[in-house]
Amino acid sequence: MKVPYTPYYKSSRFSIFLLFFTLLSCCITYSQEQENNTYKSFKFLDEASDIGTRLKKEIINVKDGEIITNVLQIYNRTSLSPIKFRLELLTPKGWTPIVNPKDIHRVLIKDTISIPIVYIPSKKLQSINEININVFVIDLDGRQLADNYFTVVSHHKKGWTVNVEKNTEYLKNGDTIAELDYNIQNTGNYDQDIYIQHLIPKKNITVTDTLNKPVANKTVTLKPKEEFHQKLDLEFIKKEQRNKRRISTNSYDPYKKDEKVVHDIIIQSTEPKYTTGKSTSRNSKVSYVKLPNEVIADKYGYTTLPLTIDFSVQNLMGDYSFASLNIRGYKELSQNSQLIYSSQFNYSSSVLNNNVFKNVPWYVGYFDNKKSLELGLISGNLIGLQSSGYGIKAGYQINDSHRVNAFYIRPDSFFNQLNKNETYGAEYNFNYRGLLGAKVGAGRNVNLGLDRATNTANIQPTISLFNRHRISLYAAYTQLTDSSGEIKLNEGYATGLGYSSSFFNKIWRPVISVRTNTKGYGNGNYIRELINHRSTFSINKRVDLLATNSFQTYENYSTVSDDLINYQKINTNTLLVSTHKQRNTLQYGGYYHFYDTQNTPRIERGLIIRQSSSNFLNNFLSSLYLRAGYNKASEMGAKDFFNLELSSYIKYRTFTFSNRYFYGSNSLETSLYGTDIAEKTPQNFRSSLSHQYQFKNKHLILENNLVFNYLNTAKKVGLGLYSYLYYFGKYGIRYGIQSNLSYSSSSILLNSFNTNTGTVDLNQTTKNINDLNLNLNFSIRKDFAIPIPFLKDKKTDLNFVAFMDLNGNGKKDFNEIPINNVVIKVGNDEVITNLEGKASVKQKFKGFYKVDIIPLEKINGWFPNINTSTPMEFKEKLVYVPFSRGVKIVGDVILDRQEIANVNKNRTDLSNIKIVATGKTAEGRDRTSQALTDVNGHFELFVANGNYILTMDESILDSNLKLSRNNIPITLKNTQKSVYTAFYIREIRREVKIKDFTVRN
């Protein structure tokens, strides 16, 4: 078919026209889409509304003091006419607009205008977290055209402080009352609710208000920077502590003088939480300290050897009596060195012999900051050979990173050895700032009686990485030869690995240890593998997940034939959920254990519950443990048998009550065959009740212990009452009498054996056995000291005398007045002077100590003349604490005002201007004193000798007054009685024009 010809130029014009039409259609479509998108971004009341609104910021974060700004866009989508309108904004009361929102605005057809919104918020913004600001568009007839809203979020700064004058207050002699003033200030930027309560941990303070009424817990609301002030009256109670807590019968002394007593009150302030969540708390503790006038640092003095002898006789009036004598002591050789010694003699024979002195355990140890020396019954702590017995051990700390130890031991006896048996070795310890460490040891044991010699060496490096990971390694080698060392009999190795760390911000805290040794390691002939794992997963602050696993294998071989004697495999697994709240802990979970002993594998699984609670203020402690599950042997046809363990423990004051109950058995026979073999399910119960009672006569203490036992398989019942009466006398002596009364009853099965026929009568008979025993014991204990005449005394009695040094000679003269209630601190010891100004610290090492002097009485103008900035050396027994009269600073505030004619000539009131002297006394003590001026600007204050800066409060001056000089340095010496200075205030001069109106131009 013939196609008609079309000219090229006509085809090109058509193509251009088609392209133009397509582009135009796309533009129109794009414009319509843009317009639709514009519609979508604006908010309209409904589909028929002409006005749409859009806010530049829907959420505004505001800090304290900031102005709130936003932009409102108005879109008119109508094609009819422009629209006039005004805005109405709903804001909190007190907000101030910068741009008047009620101005009349006009938006054209298909046009958009922007209107700024600017407000200065009131201070109430600080007490509200979020505020919704509603914006309404109203036409001139009052009809609503559109609405919108935005949210203002204020950033809250939360915080408050609990302020007390001092956290430690010392009580004067005889004081039983005190006043406590404190304040709580809101340091945040919004209103803060604070719940206040007063806690008395030791229950030894009665708290009342100034009207002598009990103080109840309260909630206060504080505005920003606002303070809450509270004044409390405190009365200190000297509680009778008898039978509140157990007394140590080894250290109790009824003649002991009054010691330091601390009364604590805790001001606890907490943010109330009306919903669950974290609550912020601020606490402040104030301690009121009651000091004695005398402290004894050492009971016996330096030139003596303290000893405690404890002699006891057991089973008096019985068939077999036994006597024991324990000797021990502790001696301070210097502030950094000690001597420890002990021994024990046992005697059970009625015939005189020297067996009591053979192999008597004894020990003497010397320790100081650098070195140590031990003699007697010691341990070399060297794994792989016998390293404990009688010998000598020495150690030396080269520096902070290096220490060496060495020892020599005779395990059997130090002096009387039939055959030579000795062990010696050495150890080196390295520690670099806790990051890298190593322990290297080596030793040798020679035993001629066994014709054996054992050599060992080990190394234990440790490394800490990133303050989170700790890795420890262990490697050891032992070699067993004959005593000559020529024939090697055996050798073995031991290795180990330990790892502990924390991950995910301490949420997961694993601890893993692995230890294994080959056959021939040490003196035994066994193989052991041990793997332990423990992980703690912190779910939250009160809930943890505890997972523990242990795997152990043990193979024991004969040292003669090298045959396997026995082996065991044990795998234990426990998973517990641990919840803890304050002093209460609850753990619950399950366990799955596998045991393979004596070729009989068995499985144990079940549930575990542990609970414990405590209240140390009331001396209360309780715990409960429950384990219940089933045991089953792995053999075919084996059954599950129930097993239960229940134990409890309660301690309250001087009572202790404990119980333990078992149901079922863990024996192999029970796991295999059940309880039919014994015809009974084994049950065992034990209960004990103990109590200590102190009589009103404080020399007597009675302890009782009642014990009950029951076992059903043997019908065994046991009951025992054990009583101990102590009498504490003077000079550290203690007598004790003990009576043990016990009763037991049980039934056993008997089989009759015919000696003629050699047969056993299968008819079992039962025999009941009853037993009643009374046992008496006696003991005497004495603390004393043995004088050492050749020992030079390194201690002294420090007898302090505080007084007003009127003549300045530093010594108390007859006419000088003693000062009562002066706290004297010497090192860690604190005493307070009595009415005669005296206090003492007995048997204190001579040397240098940091000293502090705190007068509790108001003695204005008198200051302690003792250097407290550096340690003070004490040698003499009599130590004077002179108080010297301070230097009087006298001064005036002078106001230079411009004199202008016809002004008021009255004198300006210059009273109540604060003058502060801040600096250090000549003794190095920080001191601040202040005074207020009188109506004429005169001031006086007493300050101790030293260097000070004298400052006047300039905040009282207005802009027309200028202080010529402030912060004036002053040096005060004991040769001065008074010093004068002045603060010069000058009024800024103004130009004054004087015109005489009586003169006419």
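Higher on the page you've got the structure.
Residues numbered from 1 in each chain as written. Predicted model: local features only at pLDDT ≥ 70, side-chain atom pairs only at ≥ 80, totals over all residues. Heavy atoms only, no water.

Asker: I'm lost on the overall build of the protein in this one. Help?
Answerer: Scanning the protein from terminus to terminus reveals 2 helices and 62 strands. A separation of at least 24 residues holds for 57% of the contacts in the protein among residues at least 6 apart in sequence. Summed over all atoms, the accessible surface of the protein reaches about 60,800 Å², with 54% contributed by carbon and sulfur. (Helix = DSSP H or I, 4+ residues; strand = E, 2+ residues; numbered from the N terminus. Contact = heavy atoms within 4.5 Å. Areas by Shrake-Rupley, 256 points an atom, 1.4 Å probe, with all protein chains shown as cover.)

Asker: How do you make sense of a positive patch on the surface when you look at a structure like this?
Answerer: Judged by side-chain charge, K792, K794, K846 and K877 come together as a positively charged surface patch. Examined against the element boundaries, K846 turns out to sit in the loop between strand 49 (838-845) and strand 50 (847-849). The exposure class of K846 is partly exposed, given its relative accessible area of 40%. (Patch = residues over 30% accessible without salt bridge, like charges linked within 9 Å, V, L, I, M, F, W, Y side chains within 5 Å. Salt bridge = Lys/Arg side-chain N within 4 Å of Asp/Glu carboxyl O. Lys, Arg positive; Asp, Glu negative; His and termini not counted. Charge placed at Lys NZ, Arg CZ, Asp CG, Glu CD. Buried < 20%, exposed > 50% of the residue type's maximum accessible area, 1.4 Å probe, protein only.)

Asker: I'm lost on the sheet that holds strand 48 (residues 829-832) in this one. Help?
Answerer: The strands that make up a sheet are held in pairs by hydrogen bonds between backbone atoms, and each pair lies either parallel or antiparallel. An order of 48-47-51 is seen for the 3 strands of this open sheet, with the pairing classed as antiparallel. The strands lining the two open edges of the sheet, one partner per strand, are strand 48 and strand 51 (851-855). Each adjacent strand pair in this sheet contributes to an overall mean axis angle of 15°, direction not counted. In this sheet, strand 51 lies alongside strand 47 (residues 822-826) in antiparallel orientation, the contact comprising 5 bridges. Bridge pairing in strand 51 links V822 to P855. (Pairing = 2+ DSSP bridges. Axes fitted to C-alpha atoms, helices over the stretch in contact; angles between N-to-C directions.)

Asker: For this particular structure, what's the right way to read the sheet that holds strand 12 (residues 177-186)?
Answerer: With antiparallel pairing, the 4 strands of this open sheet are ordered in space as 10-12-16-14. A strand with exactly one partner marks an edge of an open sheet, and here the two such strands are strand 10 (160-164) and strand 14 (205-208). Ignoring strand direction, the axes of neighbouring strands in this sheet form an average angle of 30°.

Asker: Is there a simple way to think about the packing of aromatic side chains in this case?
Answerer: Ring pairs (aromatic) are described by centroid distance and by the angle formed between their planes. Inspection of the entire model under this criterion finds 21 aromatic pairs. With a centroid separation of 6.2 Å and an interplanar angle of 55°, the aromatic rings of W95 and Y119 are classed as tilted. In this pair, W95 sits in the loop between strand 4 (83-90) and strand 5 (96-97) while Y119 sits in strand 7 (residues 112-120), placing the two residues 24 residues apart along the sequence. Across the pair, Y119 and W95 agree in class, each one buried. An angle of 45° between the planes, with centres 6.2 Å apart, marks the rings of F939 and F983 as tilted. Residue F939 is located in strand 58 (residues 938-943), and its partner F983 is located in strand 62 (residues 978-987); the two are separated by 44 residues in the primary sequence. Note on accessibility: F939 and F983 belong to one class, buried. Of the aromatic side chains, those joined through ring pairs into one cluster are Y252, Y724, Y726 and F728. Above the ring of W160, the side-chain terminus of R282 is found at 5.2 Å from the ring centroid. (Phe/Tyr/Trp six-rings, centres within 6.5 Å; stacked < 30°, edge-to-face > 60°. Lys NZ or Arg CZ within 6 Å of the ring centre and 35° of its normal.)

Asker: Got a minute to help me understand the pattern of salt bridges in this structure?
Answerer: Opposite charge on two side chains permits them to pair, given that their charged atoms come into close proximity. Under the defined criterion, the tally for this structure stands at 26 salt bridges. A salt bridge links E179 to K231; its shortest N-O distance comes to 3.7 Å. Of this pair, E179 sits in strand 12 while K231 sits in strand 16 (residues 227-236); the two residues are 52 residues apart in sequence, bridging distant segments of the chain. Residue K231 is classed as partly exposed on the basis of its relative accessible area of 36%. Measuring nitrogen to oxygen at the nearest pair gives 2.6 Å for the salt bridge that ties K844 to D829. With K844 in strand 49 and D829 in strand 48, the pair connects residues that are 15 residues apart, well separated along the chain. If you follow the salt bridges from partner to partner, you end up with D139, D141 and R143 in one network.

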